[in-house]
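Summary of structural features
The chain contents come next:
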Amino acid sequence: MFLGMEWYWWIVLVIAVGVLIPLKLKFMHEWSKRRQEKKKEQRGKWGDEE
């Protein structure tokens, strides 16, 4: 088969990529939102809002 892998390994690989990419995107979105909240919290906390 292609690159020495059997057909069923390609199915497993496609399913794994199909699940992991959306999870990574969701994690990056949540992480970015959390960083923004921490930045806002620090500005208000120290009184150096611009």
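Residues numbered from 1 in each chain as written. Predicted model: local features only at pLDDT ≥ 70, side-chain atom pairs only at ≥ 80, totals over all residues. Heavy atoms only, no water.

A ring pair, where both rings are aromatic, is described by two values, the distance of the centres and the angle of the planes. Tallied over the entire structure, the rule returns two aromatic pairs. Residues Trp7 and Tyr8 carry aromatic rings whose centres are separated by 5.8 Å and whose planes lie at 85° to one another, so their mutual orientation is edge-to-face. Ring centres of Tyr8 and Trp9 lie 5.7 Å apart, and the angle between their planes is 50°; on these two criteria the pair is classed as tilted. Tyr8 sits in the partly exposed class, given a relative accessible area of 39%. Connected via pairs of aromatic rings, a cluster forms that spans Trp7, Tyr8 and Trp9. The lysine or arginine in question, Arg35, covers the ring of Trp31, its NZ or CZ lying 5.1 Å from the ring centre. (Phe/Tyr/Trp six-rings, centres within 6.5 Å; stacked < 30°, edge-to-face > 60°. Buried < 20%, exposed > 50% of the residue type's maximum accessible area, 1.4 Å probe, protein only. Lys NZ or Arg CZ within 6 Å of the ring centre and 35° of its normal.)

A contiguous nonpolar surface patch, about 940 Å² in accessible area, is contributed by Trp7, Tyr8, Trp9, Ile11, Val12, Ile15, Val19, Leu20 and Leu23. Its place among the elements puts Val12 in helix α1 (residues 7-46). Note on Val12: relative accessible area 44%, which makes it partly exposed. (Patch = residues over 30% accessible without salt bridge, like charges linked within 9 Å, V, L, I, M, F, W, Y side chains within 5 Å. Areas by Shrake-Rupley, 256 points an atom, 1.4 Å probe, with all protein chains shown as cover. Salt bridge = Lys/Arg side-chain N within 4 Å of Asp/Glu carboxyl O. Helix = DSSP H or I, 4+ residues; strand = E, 2+ residues; numbered from the N terminus.)

The next thing to look at is the pattern of salt bridges. Within the structure shown, the criterion is met by one salt bridge. Put simply, Glu30 and Lys33 hold a salt bridge, and the shortest N to O gap is 3.9 Å. Placement of both Glu30 and Lys33 in helix α1 is noted, with a separation of three residues, approximately one turn of the helix. On the basis of relative accessible area, Glu30 is assigned to the partly exposed category, the value being 30%.

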